[in-house]
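Geometric and topological summary
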Amino acid sequence: MDNREYLESHPEYRSLFPTQEMYEDFVRFMDLDEDGRRIYFEEHKAKLDTMSSEERKQDWNNLVKGTELLIEFAKEEIPKLAYEKKMLEASKKQNKVTWEDIRKKINNIASL
């Protein structure tokens, strides 16, 4: 599954991007290797240089809004992920039967 398919399968992530252009740029960026990302930044810098001050202001506002959306998303999702991880770890520990557990069971049965 590539990045686009992954994002499309999780529509809640789409809301992290204030504009469609930011979403498309992110998907493109994630699919690039290191050289491709360097070229992307050079292209983006050249694009910023050609923008009017109003366009740059709007671009900055979109970036700030995207960051705010990511922070709000993280506030909700990180605790959920941490809880899920703890639950998985706890279930793994509970499913491991040790020799000590077996000896205790045998002693309990023998004492009856």
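Refer to the preceding data block for the structure.
The structure reproduced in this document is the subject of the present report. This structure is a prediction, so every number in the text was calculated from the model and none was measured.

Section: the overall build of the protein
When helices and strands are tallied, the protein shows 6 helices and 0 strands. Helices (α) and strands (β) of the protein occur, in sequence order from the N terminus, as α-α-α-α-α-α. Expected size for 112 residues packed as a compact globule is a radius of gyration near 13 Å; at 25 Å, the protein overshoots this value by more than 25%. By residue count, 11% of the 112 residues in the protein fall in the buried class. A fraction of 41% describes how many contacts in the protein between residues 6 or more apart in sequence connect residues 24 or more apart. Roughly 9,500 Å² of accessible area belongs to the protein as shown, and the carbon and sulfur atoms make up 58% of that amount. Taking the average place of the 20 positive charges on the side chains of the protein and the average place of its 25 negative ones, the gap between the two points comes to 10 Å.

Looking at the packing of helix H3 (residues 20–30) against helix H4 (residues 34–50)
Between H3 and H4, whose axes approach to 10 Å, the crossing angle comes to 150°. In terms of orientation, H3 and H4 fall into the roughly antiparallel class. Here H3 and H4 pass one another in a crossing that is right-handed. Contacts between H3 and H4 pair Glu-21, Asp-25, Arg-28, Phe-29 and Met-30 from the former with Arg-37, Tyr-40, Phe-41, Glu-43 and Lys-47 from the latter. Across the contact of H3 with H4, the residue classes break down as 4 nonpolar, no polar and 6 charged.

What to know about the packing of aromatic side chains
Per the stated rule, a full pass over the model turns up 6 aromatic pairs. An angle of 75° between the planes, with centres 5.5 Å apart, marks the rings of Phe-17 and Tyr-23 as edge-to-face. Residue Tyr-23 is classed as buried on the basis of its relative accessible area, which comes to 5%. On the numbers, 5.7 Å between centres and 70° between planes, the contact of Tyr-40 with Phe-41 is edge-to-face. Members of the aromatic cluster, each reached through a chain of ring pairs, are Phe-17, Tyr-23 and Phe-26.

A word on the side chain of Asn-62
Here Asn-62 is to be found in helix H5 (residues 53–95). Classification of Asn-62 by relative accessible area gives buried; the value is 16%. Excluding residues within four positions of it along the chain, Asn-62 makes contact with Pro-18, Thr-19 and Met-22.

Topic: the nonpolar core
One finds Leu-7, Leu-16, Phe-17, Tyr-23, Val-27 and Phe-73 forming the largest nonpolar core, which totals 6 residues. Setting aside anything within four residues of it in sequence, one finds Leu-16 in contact with Gly-66, Leu-69, Leu-70 and Phe-73.

Some points on a nonpolar patch on the surface
A cluster of nonpolar side chains, contributed by Val-97, Trp-99, Ile-102 and Ile-106, occupies part of the molecular surface with about 460 Å² of accessible area. Inspection of the secondary structure puts Val-97 in the loop between H5 and helix H6 (99–110). Among the residues examined, Val-97 registers a relative accessible area of 61% and is labelled exposed.

Cut-offs applied
Residues numbered from 1 in each chain as written. Predicted model: local features only at pLDDT ≥ 70, side-chain atom pairs only at ≥ 80, totals over all residues. Heavy atoms only, no water. Helix = DSSP H or I, 4+ residues; strand = E, 2+ residues; numbered from the N terminus. Rg over C-alpha atoms; globule rule 2.2 N^0.38 Å. Buried < 20%, exposed > 50% of the residue type's maximum accessible area, 1.4 Å probe, protein only. Contact = heavy atoms within 4.5 Å. Areas by Shrake-Rupley, 256 points an atom, 1.4 Å probe, with all protein chains shown as cover. Lys, Arg positive; Asp, Glu negative; His and termini not counted. Charge placed at Lys NZ, Arg CZ, Asp CG, Glu CD. Axes fitted to C-alpha atoms, helices over the stretch in contact; angles between N-to-C directions. Parallel < 35°, antiparallel > 145°, perpendicular 65-115°, else oblique. Left-handed = near helix turned anticlockwise from the far one by under 90°. Nonpolar A, V, L, I, M, F, W, Y, C, P; charged D, E, K, R; others polar. Phe/Tyr/Trp six-rings, centres within 6.5 Å; stacked < 30°, edge-to-face > 60°. Core = buried A, V, L, I, M, F, W, Y, C linked by side-chain atoms within 4.5 Å. Patch = residues over 30% accessible without salt bridge, like charges linked within 9 Å, V, L, I, M, F, W, Y side chains within 5 Å. Salt bridge = Lys/Arg side-chain N within 4 Å of Asp/Glu carboxyl O.

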